[in-house]
Amino acid sequence: MTIATIIAAVGGCTPHVPTRTAGTGASTTSAEFSSVTTQSSTPARTSDVPGAIDRQALTAAAVGLAALAVKGRAPKTGYSRDQFGPSWSDDVNVQFGHNGCDTRNDILLRDLTAVAVKPGTRNCVVLSGTLQDPYSGSTIAFQRGTATSAAVQIDHIVPLSDAWQTGAQQLTADQRRDLANDPRNLQATDGKLNDQKSDGDAATWLPPNKAYRCLYVARQVDVKRAYGLWVTLAERDAIARVLQSCGAAADTETTAAQEDMSTYTSPPAITATTDAPAPVAPAMGPGGSAYYPNCAAARAAGAAPLYRGDPGYRTGLDGDGDGVACEPKRR
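Bear in mind that the values here come from a model prediction, so they are computed numbers and not experimental data. (Residues numbered from 1 in each chain as written. Predicted model: local features only at pLDDT ≥ 70, side-chain atom pairs only at ≥ 80, totals over all residues. Heavy atoms only, no water.)

Caption draft 1: Fine view of the packing of aromatic side chains. For the structure shown, the criterion picks out seven aromatic pairs. Seen from their ring centres, Y135 and Y216 are 5.5 Å apart, and the 90° between their planes marks the pair as edge-to-face. Residue Y135 is found in the loop between β2 (126–132) and β3 (139–143), and its partner Y216 is found in helix α7 (residues 213–226); the two are separated by 81 residues along the sequence. For the pair Y135 and Y216, one class covers both residues: buried. Consider the rings of W205 and Y216, whose centres lie 5.9 Å apart with planes at 70°: the pair is edge-to-face. Here W205 is found in the loop between α6 (191–197) and α7, whereas its partner Y216 is found in helix α7, with 11 residues between them in sequence. Per residue, the accessibility class of W205 equals that of Y216, and both read buried. (Phe/Tyr/Trp six-rings, centres within 6.5 Å; stacked < 30°, edge-to-face > 60°. Helix = DSSP H or I, 4+ residues; strand = E, 2+ residues; numbered from the N terminus. Buried < 20%, exposed > 50% of the residue type's maximum accessible area, 1.4 Å probe, protein only.)

Here it is in structure tokens:
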């Protein structure tokens, strides 16, 4: 059983899907947005939606993490959102691709319940719904509108900027477009939390809802493995800590889990064409401790961010004095 199968089997968010019958539902303040809301146990968009995670999936995630290359970040030079194609493109070769709906609405339909859709859009425009947000553990009402839509945003679990710096520069344009619209890498969540996360990896940001962190990092591993991306040393260690805190096996002796992970690598044949710069070894300070002259050196070594007590941490690098030095710049 793959991680995807396990997650789907124990998923806790089953969307309620509107029917395609028009004319019998309540209407909003505008006739244009009259809608039909019908609860159903059959989802229109089924995918690896969030839920619990069991020991087998944890072990598979640990195996997948061990298989990822560990390197320093490549330069962010050349990054822009446009490198990953038009936002929410339906022209992709991943689940929900070419179904006639944009990706944002696909994910809203997957992750929200009590959904109302705009008539005449083939159930492709979500007007309202309820999100049981896995990142915060809270319930959020979604209402489509200029002033309200941002309350629920679609997070890239592996941020596109992070992906760019950990191997996506070497993917084709089509592969990057798939990555940006792959449901495995997307989650509807609280807009404020999505802004807070920015482009942070697991070493700099985790969901406040601790009960979801295991599945969150497992999904990051899944995406990075599928698209041939790597992890930094700090990122790998942070993911490993989360998985172990949830009961993942520290070793990788589970043959079945290894086989499962090896088969769950869609899209296939995504390989790096050039090697990213190797991590830069830190200089040694007094007593043989690690020393970074500046945050650029710490990032080049794959050690950023540095926490108080970590090798190489010093107050001179911690500009705001919060105990975390060389934090990532907001995108």
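Caption draft 2: A look at the state of the cysteines. Tallied over the entire structure, the rule returns three disulfides. Here C214 connects covalently by a disulfide to C246, the sulfurs 1.5 Å from one another. For the disulfide bridge between C214 and C246, the dihedral angle about the S-S bond is near -70°, and by the sign convention the bridge is left-handed. Here C246 lies in the loop between α8 (233–245) and α9 (255–263) and C214 lies in helix α7, a separation of 32 residues in the sequence. Among the residues examined, C246 registers a relative accessible area of 29% and is labelled partly exposed. Covalently, C295 is tied to C326 through a disulfide, its sulfur atoms 2.1 Å apart. The disulfide joining C295 to C326 has a torsion of about -85° about its S-S bond and is therefore left-handed. Note that C295 is positioned in helix α10 (residues 295–300) and C326 in the segment after β9 (324–325), a separation of 31 residues in sequence. Across the pair, C326 and C295 agree in class, each one buried. In the protein, the bonded cysteines, taken in the order they occur along the sequence, pair up as 1-2, 3-4, 5-6. (Disulfide = S-S within 2.5 Å.)

Caption draft 3: Helix α3 (residues 103–111), seen in detail. α3 sits mainly inside the fold: nine of its nine residues count as buried. Of the positions making up α3, those classed as buried are T103, R104, N105, D106, I107, L108, L109, R110 and D111. If you check the start of α3, you find a side-chain oxygen 3.1 Å away from the backbone N of R104, and it comes from D102. (Polar contact = N/O pair within 3.5 Å; in protein donor to acceptor, adjacent residues only side chain to side chain.)

Caption draft 4: Inspection of the sheet that holds β2 at higher detail. Spatially, the three strands line up as an open sheet ordered β1-β2-β3, and their pairing is antiparallel. This sheet does not close on itself; its edge strands, each paired only once, are β1 (112–117) and β3. Each strand of the sheet is rotated relative to its neighbour by a mean of 5°, with strand direction disregarded. On top of the sheet, α3 reaches β1, β2 and β3; it is set at about 130° to β1, its chief contact. (Pairing = 2+ DSSP bridges. Axes fitted to C-alpha atoms, helices over the stretch in contact; angles between N-to-C directions. Contact = heavy atoms within 4.5 Å.)

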